[in-house]
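Each chain, letter by letter, is given below.
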Amino acid sequence: MTETLDPRFADYLTTNRDFVDAAIAEAVAALDLPTGGQVLDMGTGAGGAIPHLARAVGRTGRVLAVDLNPAVTALAADHADRAGVTDRVTIRTGDATELLTEAAYDAIWTSDVIWPGNFDDPAAVVAAMARAVKPRGVVALFYSNYYQASFLPGQSRLERLLRTASELRWQLPADGPQHYERHLAWLLGAGLHDVRLRSYPRIGFPVDADPTIRPYLESAVWPELRESAARCGEQAGLTAAELSEVKQLLTPGNPRYVVDQPGFFIMHPTILATGHPPVPS
């Protein structure tokens, strides 16, 4: 029986994909991938990076995109088909870490994959990635940088506590070597050289000038923050009045809906962390 996605989760994945598409295009361009290159897209999700990676390596290159969820890879396959790049893309269902066995790739790309929400030891996964790229290859860790985004300008306390509630809900470490912002430490610890950090911010003002922003907020961000507040808001320090305010501000159609307030904007500082193996002398 073919596995199907909950429509709400499919909407979450595709609105995320559309929202970060422009940033991913810039990030992939910065990798300067070789024509004919071999790329592994680990945890491809809805396949947002596939068209950009495939075009970067050209018709003689190959992109191997892997995800654990067969219903998710179906979304990725449809995205590749719509982009017209299926001739150079292979999409598989499985554990991509099992493919990190030899120096076979010119690049290994991940987007919001290598973090403690997915792996108990992200540093070990990055070390395996480092061993699986060719001497002049690149390990590329892209992140939407969700927890550093500005979603509630003018509501600093509320936004800070909602972020804490979300971290508590997903049982993310508050600090230490497994923290989700340790990207550069993981790359350096893997022995990679020329480690760099780049940012490709997504700025929304006015919000409806970009058709991807409102769907992203209403299908991905607001549901996640409302659920985190409901489950862990009190533990994070939100008062009963603030929990009520969260529902008002983050519910479309409410008279106080934050997106419809004058001057509302978002700033999403997506980042790309990269490192290269040392070149043999």
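Throughout, residues of each chain are indexed from 1 in the direction in which the sequence is written. Local features in a predicted model are, by the rule used here, given only for residues with pLDDT of at least 70; side-chain atom pairs are given and counted only at 80 or more, and totals for whole chains, interfaces and linings are based on all residues. The basis for every side-chain value is the complete set of non-hydrogen atoms in the structure, without hydrogens or water.

## Description of the overall build of the chain
Move 1: To qualify as a helix, a DSSP run of H or I must reach at least 4 residues; to qualify as a strand, a run of E must reach at least 2; elements of each kind are numbered from the N terminus. Secondary structure assignment for the chain yields 8 helices and 7 strands.
Move 2: Atoms counted for the radius of gyration: C-alpha only. Globule rule: 2.2 Å times the number of residues to the power 0.38. Taken against the 2.2 N^0.38 rule, which gives 19 Å for 281 residues, the C-alpha radius of gyration of the chain at 19 Å falls within 12% of a compact globule.
Move 3: Expressed as a percentage of the 281 residues in the chain, the buried residues total 50%.
Move 4: Contacts are assigned to residue pairs with any non-hydrogen atoms lying within 4.5 Å of each other. Here the analysis covers contacts within the chain between residues at least 6 apart in sequence; of these, 79% occur between residues at least 24 apart.
Move 5: As displayed, the chain has an accessible area near 13200 Å², and 51% of this comes from carbon and sulfur atoms.
Move 6: When charges are counted, Lys and Arg are positive and Asp and Glu negative, with His and the chain ends excluded. To locate a charge, the coordinates of NZ of Lys, CZ of Arg, CG of Asp or CD of Glu are taken. Side chains of the chain give 24 positive and 33 negative charges; the mean places of these two sets differ by 3 Å. Under the scheme applied here, a residue whose accessible area is under 20% of the maximum for its type counts as buried, over 50% as exposed, and between as partly exposed, the area being computed with a 1.4 Å probe on protein chains only. Using the Shrake-Rupley algorithm and a 1.4 Å probe, accessible areas are obtained, with residue cover drawn only from the displayed protein chains.

## Some points on the pattern of salt bridges
Move 1: Should a side-chain nitrogen of Lys or Arg be within 4 Å of a carboxyl oxygen of Asp or Glu, the pair is scored as a salt bridge. This model, assessed by the stated rule, comprises 14 salt bridges.
Move 2: Residue Asp87 is joined to Arg59 by a salt bridge in which the shortest nitrogen-to-oxygen separation is 2.7 Å. With Asp87 in the loop between helix 3 (70-83) and strand 3 (89-93) and Arg59 in the loop between helix 2 (50-57) and strand 2 (62-67), the pair connects residues that are 28 residues apart, well separated along the chain.
Move 3: One salt bridge in this structure joins Arg231 and Glu227, with 2.5 Å as the shortest N-O distance. Here the residue Arg231 and the residue Glu227 both occupy positions in helix 7 (residues 213-236), the gap between them amounting to 4 residues, near one helical turn.
Move 4: Take Arg231: its relative accessible area is 57%, and that puts it in the exposed class.
Move 5: By sharing partners, the salt bridges in this structure join Asp208, Arg214, Glu218 and Asp260 into a single network.

## As for the packing of helix 5 (residues 156-169) against helix 7
Move 1: Where helix 5 meets helix 7, the closest approach of the two axes is 7 Å, and the angle between their N-to-C directions is 90°. Here helix 7 runs roughly perpendicular to helix 5, going by the angle between their axes. On helix 7, the residues touching Leu161, Leu162, Thr164, Ala165, Ser166, Leu168 and Arg169 of helix 5 are Glu224, Leu225, Glu227, Ser228, Ala229, Arg231, Cys232, Gly233, Gln235 and Ala236.
Move 2: Here the contact of helix 5 with helix 7 is composed, by residue class, of 8 nonpolar, 5 polar and 4 charged. To obtain each axis, a line is fitted to C-alpha atoms, and for helices this fit is confined to the stretch in contact; angles are then taken between N-to-C directions over 0 to 180 degrees. Every angle not falling under 35 degrees, over 145, or within 65 to 115 is termed oblique; those three ranges are roughly parallel, roughly antiparallel and roughly perpendicular. Three categories are distinguished: nonpolar for Ala, Val, Leu, Ile, Met, Phe, Trp, Tyr, Cys and Pro, charged for Asp, Glu, Lys and Arg, and polar for the others, with Gly belonging to the last.

## A look at the nonpolar core
Move 1: Put simply, buried Ala, Val, Leu, Ile, Met, Phe, Trp, Tyr and Cys residues joined by side-chain atoms within 4.5 Å make one nonpolar core. Leu33, Trp109, Phe151, Leu162, Leu217, Trp222 and Leu250 are the most contacted members of the largest nonpolar core, which totals 55 residues.
Move 2: Tallying contributions element by element places helix 7 first for this core, with 8 residues.
Move 3: Apart from the residues within four sequence positions on either side, Leu250 is in contact with Leu152, Leu162, Trp222, Leu225, Arg226, Tyr257 and Val258.
Move 4: Grouped together as the second largest cluster of nonpolar side chains are 25 residues, Met42, Leu100, Ile114 and Tyr143 included.

## Some points on helix 1 (residues 7-30)
Move 1: Over its 24 residues, helix 1 runs 34 Å from end to end, which matches the ideal 34 Å to within 8%, given 1.5 Å per residue.
Move 2: Residues of helix 1 that are buried include every one of Ala10, Leu13, Thr14, Thr15, Asn16, Arg17, Phe19, Val20, Ala23, Ile24, Ala27 and Val28, and no others.
Move 3: Put simply, Asp6 is the residue that caps the front of helix 1, since its side-chain oxygen is 2.7 Å from the backbone nitrogen of Arg8.
Move 4: Backbone geometry just after helix 1 places Asp32 at a positive phi near 50°. What a helix should span is 1.5 Å times the count of its residues minus one. As used in this structure description, the phrase polar contact means that two N or O atoms lie within 3.5 Å; if the pair is within protein, one of them must be able to donate a hydrogen and the other to accept it, and residues adjacent in sequence are counted only when both atoms belong to side chains.

## A short note on the sheet that holds strand 6 (residues 193-204)
Move 1: Read from one edge of the open sheet, 7 strands run 3-2-1-4-5-7-6, paired in mixed fashion. Whereas interior strands pair on both sides, the edge strands pair on one side only; in this sheet they are strand 3 and strand 6. Recorded for the sheet is a direction-independent mean angle of 15° between the axes of neighbouring strands.
Move 2: The criterion for strand pairing is that DSSP finds at least two bridges linking the strands in question. Across 5 bridges, strand 1 (residues 38-42) lies against strand 2 in parallel orientation. Bridge pairing links Gln38 to Arg62 in strand 2.
Move 3: The strands touched by helix 2 are strand 1, strand 2, strand 3 and strand 4 (105-111); relative to strand 2, the strand with the most contacts, the crossing angle is about 160°.

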